[in-house]
Amino acid sequence: MRTTGSVTRVNSWNEWDPLRHVILGRADGCRIPPPEPAFRCRVSPGTEMEAGWGARPPETVAMANEELDGFARVLESLGVRVDRPSPLDFAKPVVTPDFETGSMMGCMPPRDVLVTVGNEILEATMSYRCRWFEYLAYRPLLEQYFREDPRMRWEAAPKPRLSDRSFKVDYFSKYATLKDRLPRVEAKDFLTTEVEPLFDAAELARMGKDIVVQHGFGANLAGIDWLRRHFPELRIHAMNFPADPHPMHIDCTLVPLRPGLVLANPARPMLPEQRLLFEKNGWQIVEAARPAHKSPPPLSYSSVWLSMNVLVVDPKTVCVEASETHQAEQLDRLGFEVIPVPFRKACPFGGGLHCATVDVYREGALEDYFPNQVA
Ligand code: ABU
């Protein structure tokens, strides 16, 4: 396989072109964040996650790092350059003029913080207070890329204030049960207000000229509008998935695999009007296989649908978590060479194989995969 060698180039337009360079997270110093509005959607009341914020048990950090290092070796064996962030002292409180919270979270998963669109790496606003300074763990790499690639665009979305005005602070107590929550989600009444643009980078699914952004707990309409104005040459589609009571990060819900093929979460179906974009352009929408596990691993704030959080290495090759055999078999049937990667112990730190990475360089140029737009 061809690699970019030591030459740094930033370029990635979609989720499937041949991958040559990624950033992969680290578990060092990662913490369970203190309670705060955005994090409330990720923890169930009364669980150890809600009660026990603070340092993660050191043995879990070591096991997660072992799996992350193993994933790095797999990617390197496929000709992908792997860079790692520089952990900060995540035990430090986060204090701004607008809020204070007891600690940071970590530098896993990077997919939430950075998104590459063409030759641009964009730092997202983020929607968690504990993640306000997380971009600093990636700054040494971004500074290096900026020095080494004269074409790189380095952008940062406006830092949000994340004061109590940015959230409906009583949202989770008011809509604690599924019965109360689902009608709110269906009505697109989410946790955040619209006083300022908010988006996590993991809400974007990139497909060349078209980017789908999940409107939910991790991106508000002002954030999606900001992205539209920031990328005027691209088409930004807001999508919501009304059956998901915790809509946060699109990469366990809608996962583009290659031109013409997208994996969809059967428990979070797309609305008919949203399917149209794919159907009018001859795309196949395949329901993801059922997850192998009935529950997430301990101290995890993701769902069992990390099963579909796969990393496409090129249109014929995909990395899948090693225990997710149903998902692996389905991708095999769809014509992929499936590379199993043990990652179950790293998952609690913020997600699966897609979450744990950020593309820096994929071969390929900007293309229009959806010439038939929906009015
Ligand atoms: N960061 C992806 C998590 C999404 C989910 O838990 O379904």
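Rules of the game
Residues numbered from 1 in each chain as written. Predicted model: local features only at pLDDT ≥ 70, side-chain atom pairs only at ≥ 80, totals over all residues. Heavy atoms only, no water. Core = buried A, V, L, I, M, F, W, Y, C linked by side-chain atoms within 4.5 Å. Buried < 20%, exposed > 50% of the residue type's maximum accessible area, 1.4 Å probe, protein only. Helix = DSSP H or I, 4+ residues; strand = E, 2+ residues; numbered from the N terminus. Contact = heavy atoms within 4.5 Å. Pairing = 2+ DSSP bridges. Axes fitted to C-alpha atoms, helices over the stretch in contact; angles between N-to-C directions. Polar contact = N/O pair within 3.5 Å; in protein donor to acceptor, adjacent residues only side chain to side chain. Phe/Tyr/Trp six-rings, centres within 6.5 Å; stacked < 30°, edge-to-face > 60°. Lys NZ or Arg CZ within 6 Å of the ring centre and 35° of its normal.

Q: Can you lay out the nonpolar core for me, pointing to particular residues and giving the numbers?
A: Grouped together as the largest cluster of nonpolar side chains are 62 residues, with contacts concentrated most on F71, L254, L257, F278 and F343. For this core, the leading source of residues is helix α2 (residues 58–77), giving six residues. Excluding its chain neighbours within four sequence positions, the residues that come into contact with F71 are L24, L311, C319, V341, F343, L353 and T357.

Q: Account for the sheet that holds strand β17 (residues 317–321), naming residues and giving values.
A: A sheet is described by the order of its strands in space; here three strands give the open sequence β16-β17-β18, paired in mixed fashion. Strand pairing shows two members of the sheet lacking a second neighbour, β16 (311–314) and β18 (337–341), which therefore form its edges. Taking each pair of neighbouring strands and ignoring which way they run, the sheet shows an average axis angle of 30 degrees. Bridge analysis of β16 against β17 gives three bridges, and the strand direction is antiparallel. If you follow V312 over to β17, its bridge partner there is V318. Each of β16, β17 and β18 is contacted by α2, which is oriented at about 150 degrees to β18, the strand it contacts most. Packing against the sheet, helix α8 (residues 325–333) makes contact with β17 and β18, and its axis sits at approximately 165 degrees to β17.

Q: Tell me about the side chain of T125, and please be specific about residues and values.
A: For T125, the location among the structural elements is in the loop between β8 (120–123) and α3 (139–148). Of the polar contacts made by the side chain of T125, one reaches the backbone nitrogen of F199; its length is 2.8 Å. Not counting residues within four places of it along the chain, the set of residues in contact with T125 comprises A157, P158, K159, P160, P197, L198 and F199.

Q: Describe in detail the packing of aromatic side chains, supporting the description with residues and values.
A: Counted according to the given criterion, the structure contains 14 aromatic pairs. Ring geometry for Y171 against Y175: centres 5.1 Å apart, planes inclined by 75 degrees, an arrangement best described as edge-to-face. Given the relative accessible area of 15%, Y175 is considered buried. Feature note: the residues W16, F278, W283, Y369 and F370 constitute an aromatic cluster, connected by ring pairs. The lysine or arginine in question, R56, covers the ring of F349, its NZ or CZ lying 4.6 Å from the ring centre. One cation-aromatic arrangement involves K159 over W132; the distance from NZ or CZ to the ring centre is 4.4 Å.

Q: An account of the sheet that holds strand β15 (residues 284–287) is requested, with residue identities and associated values reported.
A: Spatially, the three strands line up as an open sheet ordered β13-β14-β15, and their pairing is mixed. Each edge of the sheet is formed by a strand with only one pairing partner; in this case those strands are β13 (254–258) and β15. Looking at each pair of strands side by side, their axes are set apart by 30 degrees on average, direction ignored. Pairing analysis gives four bridges linking β13 to strand β14 (residues 261–264), with the strands arranged antiparallel.

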